[in-house]
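Coordinates in review
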Amino acid sequence: MNPAGHPDVKPYDALLLLSFGGPEKPEDVVPFLENVTRGRGIPRERLEEVGKHYFPFGGRSPINDQNRALVTALEKELAEQGIDLPVYFGNRNWDPYLADTLARMVTDGVTRAAVFTTSAYSSWSSCRQYRENLFDAVADTPGAPRLDRLRQYYNHPGFIEPVVDACLAALAELPENGDTARLVFVTHSIPTEMAETSGAPAEAHAQPRGAYVRQHRSAADEVARRVKEETGRAHRHDLVYCSRSGAPSTPWLEPDVNDHLAELATDGESKVVLVPIGFVSDHMEVIYDLDTEAMATGERLGIRVVRAATPGVDPRFVAMVRDLVLERAAAERGEQPSRPAVGSMGAGPDICGAGCCPNPRGPRPALCGADS
């Protein structure tokens, strides 16, 4: 506590919410996808094809609005706790761009900020790439504040508990409260090589290689265990993937959610809850890949499919962000804070190990790691 009796966030004087970004009108769609895929040699025709996913939604991804709602919820949470900490919002791939947000922070006199990313798991695309973006933005911003990325939170109670309740609510939508329903946990597919190299080398064993799949399995197992505690029933559960976007010749994590639904139909499954365990809010991958494509697949196969909600601005998730800031602030002051984690794996490190989640296209500098 600080002298006024409020939680102490020193040495931080700001919180930065860092996210992926998304288009907000039809003419934004292809330029946004060009930003996302820059350097990968993907033809414009392919981007235009992917861009069609956005047009049924007015060419607008929901992610920026969801992040603005999270900023508002965080500001309210911090104020109610007597914490004077401004919240900034920046994106990797679309307005408000990270570099522009950092420039505003400099103008506002921010000197050191905690960074919360909207990705809970470890891999190059879900963790280190954000750190590379932070390095680039700081290098391009004279007088940029020091930035400390908060730890991964896939197994934090503030993330897991809302997912458990979302599963219970989804089961209640099914006949007989979904007594025989299958829980199908879904996350974003990534290349298998990227998945295998996620985490740190063996000697930095806090989050060893293969972290992406292992973390998801740990989170899914914990949610399924807690659902069983609440319902008294054990639901079979699986981990599947969505949103593959690479070349057909490159192996990506499987099975795809639609292929898995087809297998379940063959096995006689009739009720499924899709649990978007890889997403913190209703991203395009959720509202298109699951709510549109997977739902259509389920209907075609004669499977009753419902989708569990994402954490979004659940008060427990919002409080988790606050607690992660306080936890890291205490650690930076040399204290030994509590580090909540549930499931089969402990809390991850504050600072990524050397060689963690390497860039598949070659080494690039990144902030917030032992090899920064």
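Below is a summary of the structure that appears in this document. (Residues numbered from 1 in each chain as written. Predicted model: local features only at pLDDT ≥ 70, side-chain atom pairs only at ≥ 80, totals over all residues. Heavy atoms only, no water.)

A few words now on the packing of helix 6 (residues 157-172) against helix 8 (residues 211-231). Close contact between helix 6 and helix 8 brings their axes to 9 Å; oriented N to C, the two are set at 55°. When the interaxial angle is binned, helix 6 and helix 8 end up oblique. Like other packed secondary-structure pairs, helix 6 and helix 8 cross with a definite hand, here right-handed. Here helix 6 contributes Ile-160, Glu-161, Val-163, Val-164, Cys-167, Leu-168 and Leu-171 to the contact with helix 8, which in turn contributes Ala-219, Glu-222, Val-223, Arg-226, Val-227, Glu-230 and Thr-231. (Axes fitted to C-alpha atoms, helices over the stretch in contact; angles between N-to-C directions. Helix = DSSP H or I, 4+ residues; strand = E, 2+ residues; numbered from the N terminus. Parallel < 35°, antiparallel > 145°, perpendicular 65-115°, else oblique. Left-handed = near helix turned anticlockwise from the far one by under 90°. Contact = heavy atoms within 4.5 Å.)

Taking 1.5 Å of rise per residue, 16 residues should cover 22 Å, and helix 6 covers 22 Å from first to last C-alpha, within 8% of that figure. Every buried residue of helix 6 is listed here: Pro-157, Gly-158, Phe-159, Ile-160, Pro-162, Val-163, Val-164, Ala-166, Cys-167, Ala-170 and Leu-171. Buried residues along helix 6 sit against strand 5 (182-188), helix 8, strand 7 (271-275), strand 8 (304-307) and helix 11 (315-332). (Expected span 1.5 Å × (residues − 1). Buried < 20%, exposed > 50% of the residue type's maximum accessible area, 1.4 Å probe, protein only.)

Evaluation of the coordinates by the stated rule reveals 11 aromatic pairs. For the ring pair Phe-20 and Phe-32, a centre distance of 6.1 Å and an interplane angle of 80° mean the geometry is edge-to-face. With a gap of 12 residues between them, Phe-20 in the loop between strand 1 (14-19) and helix 1 (29-37) and Phe-32 in helix 1 connect regions that are remote in the sequence. Its relative accessible area of 26% is what places Phe-20 among the partly exposed residues. For Phe-32, a relative accessible area of 2% corresponds to the buried category. Seen from their ring centres, Tyr-121 and Tyr-154 are 5.7 Å apart, and the 25° between their planes marks the pair as stacked. Within this pair, whereas Tyr-121 is found in the loop between strand 3 (112-117) and helix 5 (124-139), its partner Tyr-154 is found in the loop between strand 4 (146-149) and helix 6, the two being separated by 33 residues in sequence. (Phe/Tyr/Trp six-rings, centres within 6.5 Å; stacked < 30°, edge-to-face > 60°.)

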